[in-house]
Amino acid sequence: MNYHTPASFADASRIAAEATGTTRFLAGGTDVLVQLRADIVTPDDLIDIKHIPGVKAITRNADGSWTLGVAVAGAEMTEHAELMADWPGIVEGMDLIGSTQVQGRATLVGNLCNGSPAADSVPGMIAAGATVTVTGPDGSREVAVEDVPAGPGRTTLARGEVVSAVNIPARGENGGDAYLRFIPRTEMDIAVVGCAVNLTRDGDTITDARVSLGAVAPTVLLVKEAAKALIGTTLDDAALEALAEAASAACNPIDDKRGTIEFRTHVAGVLAKRAAGIAYARAGGEK
Amino acid sequence: MTRIPTRTHVTTTVNGDPVDFLADPRETLLDCLRDKLGLTGAKEGCGTGDCGACSVQLDGRLVCSCLVLGVEAEGREVKTIEGMAEGNDLHPLQAKFIEHAALQCGICTPGILVATEALLKKNPDPSEEEVRYWLAGNLCRCTGYDKIIRAVLATARDLREGV
Ligand code: FES
Ligand code: FES
C-alpha cells in the first residue's frame, strides 16, 4: 500500500486518476481503517487528504453561507456554537455517529462517500440544500449532496474525483432544521430510519421546506412530496398527516433484523412529523 | 513477485517525548505504540473502533488508536495512559478507580481512564448521564459500569472541590 500526503486537491485527484489499482481517500479513517482491518478493502494507494491547507476549517462566508473543510471531525462541529445555532439539524445528525472517540475523527464527507443509506449526517445535509465541491482531473464542479450516493456503498463520483469542500447555504431569517433517527437502543447504533426537515417560516406559515429520509431506500432520499405537504401550512394536523403520508409513500426499504418494511415505512412518517415539529419551533426562535 | 513493503519513517511526540519509528503504512497507531515503542497500556479489544480499549489523545482529541494509522502520527502529539501518572504519583482518576474497585480484569481500564481524563478537561462537572454517554464507546465486560461511573463522578467532585 502506497501512502500519499498530497498538498493540494489537484494533486490528490491526479494521484487517484493515475493509480491503476484500488484507491481510497483517507480523512477520518473510521470506515477505511475498519475495511482495511477486515480485509474488505486493501487500497494499493491510500491518499491522506489531511495535509491539504483548509481541510480542518469551518468558515462562515460573508453572505452567511458556510464552507466546511473535508477533514472537519464531528466533535469540531458540535463544539462550534455558531454552526450549531445556524444548522442544528446537520450538527445533531453528525453527532449521532459512533462514540466520542469516533467523533474525534469521523467526517461529513466520509459519511457521505461511504455510501450507506443509513448515514446519519446525510439527510441533514440534503434537507439543508448543501452541496459538495468535487475536484477532478479536469477541474472542479459543485454537486448537490443528494446526487452523490448511487446505492449502498457507491457514489456517482468518477475515478480521480475527490470531494474538496462542503458548502452549506446561509441560514437566513426564520429558518430551522432538525434530524431524528430511530434505533432500538439509546446510543451507538445504526439508523433503522432517519429523517431531516429544514424549513423557513413567515410568521406561522411555512414558506419553504426540504425533507430527507435515510435508511428507507438504497440511497438517502430527498422527498419533494413531503416538502410540498408542509409549504403554505402552519404545520396544523392536516399538514402533519399529509407529511407523514408522503414520507411513508417515498419509502422503499429492506426487510432485515433491525426493522421490517412495514415498520420502517410507518416510522418514516412518525419521524417526519416529529422532526418537522422541532424544525418549526427552531424556525420560530426556540432553542 | 512479492512486493517489499515500503516503510515510512515517522517522527512524533508521545507523552511529551520525541520518538521515531519505521512503520508499514498499513500499521495502526495502536500497533506502533505497542510493538515499536513498547507502550502496551493501550489495548486492542476489537481493532475496529467498537470497544475503546485503545483510546489515546491525538493533538488533544480523544480517538481510537486502532482507527489511526501510525504514519498519520507524523508531527502530531500523542498522549497515552503511560503519560497519565506523574512518576509514582497516580492521577486522581487512577487513584479513585482503585478506591472504588472500578476495574476487575483491567483490559478496558487504560482506555476508560484516557477517555474520562478528556471528559473532565472538557467538562469538570458532568452529570451521570453525560459520563455514560461520553463513555458509550468504552466497553467493559467485567464491572457492569456502575463502579466506573461512580469513580468518575467522585473524581470530578474532588477535583472541583480541590481535594
Ligand atoms: S481496539 Fe480500538 S476500539 Fe477496540
Ligand atoms: S475490567 Fe475487565 S473489561 Fe473492564
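Residues numbered from 1 in each chain as written. Chains lettered and ligands numbered in written order. Predicted model: local features only at pLDDT ≥ 70, side-chain atom pairs only at ≥ 80, totals over all residues. Heavy atoms only, no water.

Topic: the interface of chain A and chain B
Taken residue by residue, the interface counts 28 residues in chain A and 30 residues in chain B. The interface formed by chain A and chain B includes five salt bridges. Glu72(B) is the salt-bridge partner of Arg105(A), the closest N and O atoms lying 2.9 Å from each other. Counting every contact that joins chain A to chain B gives nine residue pairs in polar contact (both at pLDDT 80 or more). Secondary-structure elements contributing two or more residues to the side of chain A that touches chain B are strand E1 (2-4), helix H2 (32-37), strand E3 (45-48), helix H3 (74-78) and helix H6 (100-103) of chain A. If you tally residues by element for the side of chain A that touches chain B, the top one is H2(A), at four residues. Within the side of chain A that touches chain B, the residues separate by chemical class into 11 nonpolar, 10 polar and seven charged. (Contact = heavy atoms within 4.5 Å. Salt bridge = Lys/Arg side-chain N within 4 Å of Asp/Glu carboxyl O. Polar contact = N/O pair within 3.5 Å; in protein donor to acceptor, adjacent residues only side chain to side chain. Helix = DSSP H or I, 4+ residues; strand = E, 2+ residues; numbered from the N terminus. Nonpolar A, V, L, I, M, F, W, Y, C, P; charged D, E, K, R; others polar.)

Details of the sheet that holds strand E10 (residues 162-168) of chain A
What links the strands of a sheet is backbone hydrogen bonding, and the strands pair in either a parallel or an antiparallel sense. All names here are of chain A. What the five strands build is an open sheet, ordered E4-E5-E10-E6-E7; its pairing is antiparallel. For this open sheet the edge positions go to strand E4 (58-60) and strand E7 (139-144), each flanked by a neighbour on one side alone. Averaged over neighbouring strand pairs, the angle between their axes works out to 25° when direction is ignored. Two elements, E4 and strand E5 (residues 66-68), share three bridges in a ladder whose sense is antiparallel. Looking at E5, one finds that isoleucine 58 is bridged to leucine 68. (Pairing = 2+ DSSP bridges. Axes fitted to C-alpha atoms, helices over the stretch in contact; angles between N-to-C directions.)

A closer look at the domain arrangement of chain B
All names here are of chain B. Domain annotation of chain B identifies domain 1 (8-83) and domain 2 (92-161). Relative to domain 2, the C-alpha centre of domain 1 lies at a distance of 22 Å. Contacts between the two partners involve 13 residues from domain 1 and, on the opposite side, 13 residues from domain 2. Carbon and sulfur atoms make up 61% of the area that domain 1 and domain 2 hide from each other, which totals about 1100 Å². (Domains from an automatic or database assignment. Buried area = accessible area lost by both parts, 1.4 Å probe.)

Details of the pattern of salt bridges
Residue and element names in this part refer to chain B. The full count for this structure, using the stated rule, is 30 salt bridges over all chains. The salt bridge partner of aspartate 24 is arginine 26, with a shortest N-O separation of 2.9 Å. Of the charged contacts in the structure, one is a salt bridge between arginine 132 and glutamate 128, with a shortest N-O distance of 2.9 Å. Separated by four residues within a single helix, arginine 132 and glutamate 128 lie in helix H4 (residues 128-134), roughly one turn from each other. Relative accessible area serves as the criterion here: at 33%, arginine 132 is assigned to the partly exposed category. Judged by its relative accessible area of 33%, glutamate 128 is partly exposed. (Buried < 20%, exposed > 50% of the residue type's maximum accessible area, 1.4 Å probe, protein only.)

Describing the nonpolar core
Nonpolar side chains in soluble globular proteins tend to be buried together. Counting 72 residues, the largest nonpolar core has Ile49(A), Met77(A), Met125(A), Val132(A) and Leu69(B) as the members making the most contacts within it. Among the nonpolar cores identified, the runner-up in size contains 33 residues, and Ile206(A), Leu235(A), Leu243(A) and Val267(A) belong to it. (Core = buried A, V, L, I, M, F, W, Y, C linked by side-chain atoms within 4.5 Å.)

Things to note about the confidence of the model for chain B
The predicted model of chain B has a mean per-residue pLDDT of 96, with 97% of residues at 70 or higher. Confidence metrics for the complex model read pTM 0.96 and ipTM 0.95. (pLDDT = per-residue confidence, 0-100.)

A closer look at the packing of helix H3 (residues 109-122) of chain B against helix H5 (residues 146-161) of chain B
Angle between the axes and distance between the axes: these two values describe a pair of packed helices. Residue and element names in this part refer to chain B. With their axes 11 Å apart at the nearest point, H3 and H5 run at an angle of 40° to one another. Accordingly, the angle class assigned to the pair H3 and H5 is oblique. As H3 runs across H5, the sense of the crossing is right-handed. Each of Ile112, Thr116 and Leu120 in H3 lies in contact with H5, whose residues at this interface are Ile148, Val152, Thr155, Ala156 and Leu159. By residue class, the composition of the contact of H3 with H5 is six nonpolar, two polar and no charged. (Parallel < 35°, antiparallel > 145°, perpendicular 65-115°, else oblique. Left-handed = near helix turned anticlockwise from the far one by under 90°.)

Regarding the environment of Leu199(A)
All names here are of chain A. Of note, leucine 199 is situated in strand E12 (residues 193-202). Taking the C-alpha atoms as reference points, leucine 199 and methionine 84, 115 residues apart in sequence, are found 16 Å from one another. With near-sequence residues (within four places) excluded, leucine 199 lies in contact with Arg171, Asn174, Gly175, Gly176, Ile206, Asp208, Ala209, Ala276, Ala279, Tyr280 and Ala283.

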